[in-house]
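Spelled out from the first residue to the last, the chains are:
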Amino acid sequence: MPKRTDIHSVLIIGAGPIIIGQACEFDYSGTQACKALREEGYRVILVNSNPATIMTDPEFAERTYIEPITPECVEKIIVREKAEMARMGATGKLVLLPTLGGQTALNTAMTLHRQGVLEKHGIEMIGAKAEAITKGEDRETFKQLMLTIGLDVPISGTAHTIQEARQVAERIGRYPLIIRPGFTLGGTGGGIAYNREEFEEIAKRGIDLSPVSEILVEESLLGWKEYEMEVMRDRADNCVIICSIENFDPMGVHTGDSITVAPIQTLTDKEYQIMRDASFAVIRAVGVETGGSNIQFSVNPENGRMIVIEMNPRVSRSSALASKATGFPIAKIAAKLAVGYLLDEIRNDITRETPASFEPTIDYVVTKIPRFAFEKFPQADPTLTTQMKSVGEAMAIGRTFKESFQKCLRSLEIGRSGLGGDGKPWRIGAEMIDDRAIFPRELINRRLSVPNAERVFFLRHAFRAGYSLEDVFQLTKIDRWFLIQIEELVKFEEELAALKN
Amino acid sequence: MNAELLARAKSLGFSDRQIAHLTGTTEDALRAERKALGLIPSYRLVDTCAAEFEAYTPYYYSTYDRGDDEVTKTDTKKVMILGGGPNRIGQGIEFDYCCVHAAFALKADGFETIMVNSNPETVSTDYDTSDKLFFEPLTLEDVLHIYEREGCWGAIAQFGGQTPLNLALGLKKNGVNIIGTSPESIEIAEDRKLFSAMLDRLNIPQPKNGMATNEEEALTAAHNLSYPVLVRPSFVLGGRAMQIVYTDAELSHYMKFAVEASPERPVLVDKFLEDATEVDVDCIADVGNFPNPADGTVVIGAMLEHIEFAGVHSGDAAMVLPPHTLSQEVIATIRKYTHAMARELLVSGLMNVQYAVKGTTVYVLEVNPRASRTVPFVSKAIGFPLAKLAAQVMAGKSLKELGFTAEVWPKYWAVKESVFPFNRFPGQDIILSPEMRSTGEVMGLDADLGVAYAKAQMAANSPLPLKGRVFISVGDLHKGDVAAVAKSFADLGFELVSTNGTATVLEKAGLKVQRVFKLNEGARPNAVDLLKNKELQLVINTPSGASPRADEVKIRTTAVMTGTPIMTTLSGAKAAALGIAALQKHGYAVKTIQEYH
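Cut-offs and rules
Residues numbered from 1 in each chain as written. Chains lettered and ligands numbered in written order. Predicted model: local features only at pLDDT ≥ 70, side-chain atom pairs only at ≥ 80, totals over all residues. Heavy atoms only, no water. Pairing = 2+ DSSP bridges. Helix = DSSP H or I, 4+ residues; strand = E, 2+ residues; numbered from the N terminus. Axes fitted to C-alpha atoms, helices over the stretch in contact; angles between N-to-C directions. Contact = heavy atoms within 4.5 Å. Buried < 20%, exposed > 50% of the residue type's maximum accessible area, 1.4 Å probe, protein only. Arc of directions from axis to C-beta. Polar contact = N/O pair within 3.5 Å; in protein donor to acceptor, adjacent residues only side chain to side chain. pLDDT = per-residue confidence, 0-100. Buried area = accessible area lost by both parts, 1.4 Å probe. Salt bridge = Lys/Arg side-chain N within 4 Å of Asp/Glu carboxyl O. Nonpolar A, V, L, I, M, F, W, Y, C, P; charged D, E, K, R; others polar. Phe/Tyr/Trp six-rings, centres within 6.5 Å; stacked < 30°, edge-to-face > 60°. Lys NZ or Arg CZ within 6 Å of the ring centre and 35° of its normal.

(A) Structural context of the sheet that holds strand 5 (residues 132–135) of chain B. All names here are of chain B. Within the open sheet, the six strands sit side by side as 1-2-5-4-3-6. Their pairing is mixed. Both outer strands of the open sheet, strand 1 (42–45) and strand 6 (154–156), are each paired with one neighbouring strand and no more. Strand-to-strand twist across the sheet, computed as the mean angle between neighbouring axes with direction ignored, equals 30°. Pairing geometry for strand 4 (residues 112–117) and strand 5, over four bridges, is parallel. By the bridge assignment for strand 5, V116 is matched with F134. Sheet contacts for helix 4 (residues 93–108): strand 3 (78–82), strand 4 and strand 6; angle to strand 4, the most-contacted strand, approximately 160°.

(B) Representation of the sheet that holds strand 13 (residues 291–299) of chain A within the structure. Residue and element names in this part refer to chain A. Within the open sheet, the seven strands sit side by side as 14-13-10-11-12-15-16. Their pairing is antiparallel. The two strands at the open ends of the sheet, each matched to only one other strand, are strand 14 (306–312) and strand 16 (392–398). Between one strand and the next, the sheet's axes are offset by a mean angle of 25°, whatever the strand orientation. Packed onto the sheet, helix 9 (residues 269–286) meets strand 10 (225–233), strand 11 (239–247), strand 13 and strand 14 and runs at close to 55° relative to strand 10. Docked against the sheet, helix 10 (residues 317–326) engages strand 10, strand 11, strand 12 (260–262), strand 13, strand 15 (365–371) and strand 16, running at close to 100° with respect to strand 11.

(C) A look at helix 8 (residues 192–202) of chain B. Residue and element names in this part refer to chain B. Of the residues making up helix 8, those classed as buried are R192, F195, S196, M198 and L199. Taken around the axis of helix 8, the buried residues stretch over an arc of 160°, which confines them to a single face. Facing away from the buried side of helix 8 by more than 90 degrees, the exposed set consists of K193, D200 and R201. Elements in contact with the buried residues of helix 8: helix 7 (183–190), strand 7 (209–212), strand 8 (229–233), strand 10 (267–271), helix 11 (328–344) and strand 15 (361–368). By the N-cap criterion, in which a side-chain oxygen at the helix start approaches the backbone nitrogen of a residue two or three places on, helix 8 is capped by D191, the distance to K193 being 3.0 Å.

(D) The side chain of T56 of chain A, seen in detail. Inspection of the secondary structure assignment puts T56 of chain A in the loop between strand 2 (43–47) and strand 3 (63–65). Side-chain polar atoms of T56 of chain A contact the side chain of K380 of chain B, separated by 2.7 Å. In contact with T56 of chain A, other than residues within four places in its own chain, are L46, N48, N50, P51, T64 and I66 of chain A together with K380 and I593 of chain B.

(E) Structural view of the confidence of the model for chain B. Here chain B shows a mean pLDDT of 92. Residues at 70 or above account for 99%. Reported confidence for the predicted complex is 0.93 by ipTM and 0.93 by pTM.

(F) Focus on the side chain of Q457 of chain B. Residue and element names in this part refer to chain B. Looking at where Q457 falls in the secondary structure, it is placed in helix 15 (residues 449–459). A residue is classified by how much of its surface remains accessible, and Q457, at 4% relative accessible area, is buried. For Q457, the residues in contact, after removing those within four places along its chain, are E417, S462, P463, L464 and M567.

(G) Seen up close, the interface of chain B and chain A. With 103 residues of chain B in contact, the opposing surface of chain A contributes 114 residues. Approximately 9500 Å² of surface area, both sides summed, lies buried where chain B meets chain A, with 58% of it carried by carbon and sulfur atoms. Ranking the residues of chain B by area buried against chain A places T48, E121 and R424 of chain B at the top, with a combined share of 9%. Taken together, the links from chain B to chain A amount to 12 salt bridges. Residues D65 of chain B and R399 of chain A are paired through a salt bridge, measuring 2.8 Å at the closest nitrogen-oxygen approach. The interface formed by chain B and chain A includes 46 residue pairs in polar contact (both at pLDDT 80 or more). Here the side of chain B that touches chain A is composed, by residue class, of 49 nonpolar, 27 polar and 27 charged.

(H) Helix 7 (residues 162–172) of chain A, seen in detail. Residue and element names in this part refer to chain A. Listed in full, the buried residues belonging to helix 7 are I162, A165, V168, A169 and I172. Axial view of helix 7: buried residues confined to an arc of 115°, hence all on one face. Exposed and oriented more than 90 degrees from the buried face of helix 7 are Q167, E170 and R171. Positive backbone phi, at 85°, marks G173, one or two positions downstream of helix 7.

(I) Local environment of the packing of aromatic side chains. In the structure shown here, the tally under the stated rule is 25 aromatic pairs over all chains. An angle of 80° between the planes, with centres 6.3 Å apart, marks the rings of Y175 of chain A and F199 of chain A as edge-to-face. In this pair, Y175 of chain A sits in the loop between helix 7 and strand 7 (177–181) while F199 of chain A sits in helix 8 (residues 196–209), placing the two residues 24 residues apart along the sequence. Taking the relative accessible area as the measure of exposure, Y175 of chain A reaches 31% and is therefore partly exposed. One aromatic cluster is present, built from ring pairs that chain together F372, F374 and F377 of chain A together with F420, F422 and F425 of chain B. A cation over an aromatic ring shows up here: R480 of chain A above the ring of F473 of chain A, its NZ or CZ 3.7 Å from the ring centre.

Have a look at this one:
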């Protein structure tokens, strides 16, 4: 199917200011979309209030509104642009592409849809239909949908009041419980409750912070393994997996705060194929017709039970990572699919020979590690939870996990040149501890069992202090394969250190 | 060292610094030894197809896994652009923006551009932004390999923020041609003694200052200057550990717990200029390109006046372009100082200066001869791509050739507002300080200053209310000025709500105020109750002193958690009143930047 000729102008909503959970990855995706759509001859109208973005440079769109991203403001833009198109004598439609500007763009578009503004002005949403967005974003609808296609989901329930929340908690029957507010960014207001008191506090905050006053209370999957799949689909129902990503940190830590590795390292091919099939089933059931989605899975390491956690029916932070990890330009392809192309009609820029329907294959390992800024917020709790707290991330590529992991650690700009052994002392509270010192067990135990920004370095401290693989696994639930890699790095560090004498 | 062991270390991802430290040698010696053994990385392609098909986009990574190097050989003149690494507070998208512009501009000028960065979220790490992309850590070791492998002509270190700047001297020592303003000039701006000497020579005032390597010296310096003083470590990034100190006790605490002072890393102690107006200036110059600096050109891109008074980090402050309260005389002084410093530092590229204005005296607070955080904002506001122009200047063009020789003063207002992540960190006080904590920024554009400010607030997800109740509670320092601000809200039709102290002041000024209880008074309802019930539409709450009381922190954090707009400075509150008045009068309209320019 060729591109649509009934479209004259495309309105792209950007992501606005950089906040935790929504950073410059949406400048990257928006910039790609602008380029791709103009390449196809469409008139691009853009709204984004963030002046530090490349996409708001005047040459990336015909019409660039550096204006607030609010439903009211976007309606003003729609009215103004329809008048402008009439003046130009344009015969084609004005359409709205809301899937490239993160949660901000999606929420703004959905508000305009619910208020009837889009219908009133005859504006079609491309990329994802409102119905699909609701199915993907509304947790209860999504869960029911997963059950109907035979996929497993965590036991859970939604609540709009604290009373409803208590009922759900009773039904699940055991702590800890996960609380996720609906329609918020990076899980703002969510958390893990280990007891009734914490539950009340987090549930209340979640209901307050959710724009639709809704929270999901869920059985805890703490300690389970977590995976992500980046999927794309076109109008002819072709589906491809762009990238598979494994979280180094088990469930309980927001994926934006987790160390992640691509491709998946610890699943068998059979397990991977099951997850791949499930990903296609999910994107089809939700009905994302064109574009990219991110689907999160969890696997119980004890028995292999696989659960669907959530889906983002839009380009996400992980899409940017997947694009950079594979070389496959997800946002650009998503924009082309949105205007009618099929995956097999779009050429892969990199090979110039294969079409975009070829699933990327990678012969290296990619590691991403989040960058935190807790030193700026001394009064805040530095524990990592389901609410994202990192402010950035570094990525590195190597031929083995060990190579890419150490390259990534030295990319973090925290003064470290790798996992350890670089001579830089460790700051623990107000105390400085020598790089090669053996840390007290009590400190190691605490820092391993509660997820925190320095946990990865405490894996080294633990092995150096004589912990066994099993000890470390029980404290962290990080997959043994990853722990073996770290243990080997620590052993090699000792081999090097032995040369000194 | 055993060659096989070294090869294994490298293939396990150990950096030269780790190996050198563990084996008891230096990084330089190890690098030399490694090179003598021919042990250097090879570069492989990221090609989507595991080398199944030929790849055309040059996107590379390094590895010590032995095998073919896949870099295509080219012989165009190459410029390396060093990116900013992972985003963090103080170093965000603004610097990536500058790097991308450098790549675009130099590509257009016929150079081959080589981008080095480790941040997957960015446009700079898109494979079609530069001619070659190396997805690599920004360390001396990794960057030198690429520079040498590619035989670059030069490298740009002044666009990626602090990360590449920290590498600049080391790179230069190892034979890298750092183009643009020399690392030596950057050193003058960063070294306290050299910088003061330069200002003395140019007869430009700066706040009185001193240095301290321990608590005792800090106290002596503070007594010489008299409180309040601004203290900070000498290697400052994003205002890290920067603080305004009012008493001996606070200073002692700071020296004991907040910094590690030493003779190599002294703590800087500056006289803090209370109630001064801060101004940020971004300028571009080609002075360094000429044998005779007098032949060069200096152009101010913009002056940005802070809305908050001195003491708020420039990355956190709201700003107005062009300045809205400065006199022509002050503007002329700022222009004179900026030009003088750009010439003295032989700037080739961008330079940012921070000034504090008190009365008619203009003090220099800081000079950074590099791209600053405000460059993209200024470029959008004036309609000229400063980063692109600067890259072309650094590669040898003059501003005259580029046709950018005159200042641009827009006939509309551009307001910058910052956004903060406080809703992620419950319990964290939100008072603005010299330590930067914002993650991002927005821009409000309009022909009316009030509307531009209101748009910026809307965009920052903190829209100004047009009616309702405003809660006002200010510290003793601000009680003198609070009545005027409160009156402007009353005149706009708002009901005023206050706690005891502020209410008394407002009533004395003849204003009608509803009193609510303070948290520590125990009685209900208190301000927090009203906030939670969404009975307040705006909060004006300034700190009572240097160490705020627990109850006021609670009010501020509750405002954040309930999404109630809050102003923590009186100047912010004044701007809010201006914005509300403008919106009430004529609403707002939207306009494209293509129409503005």
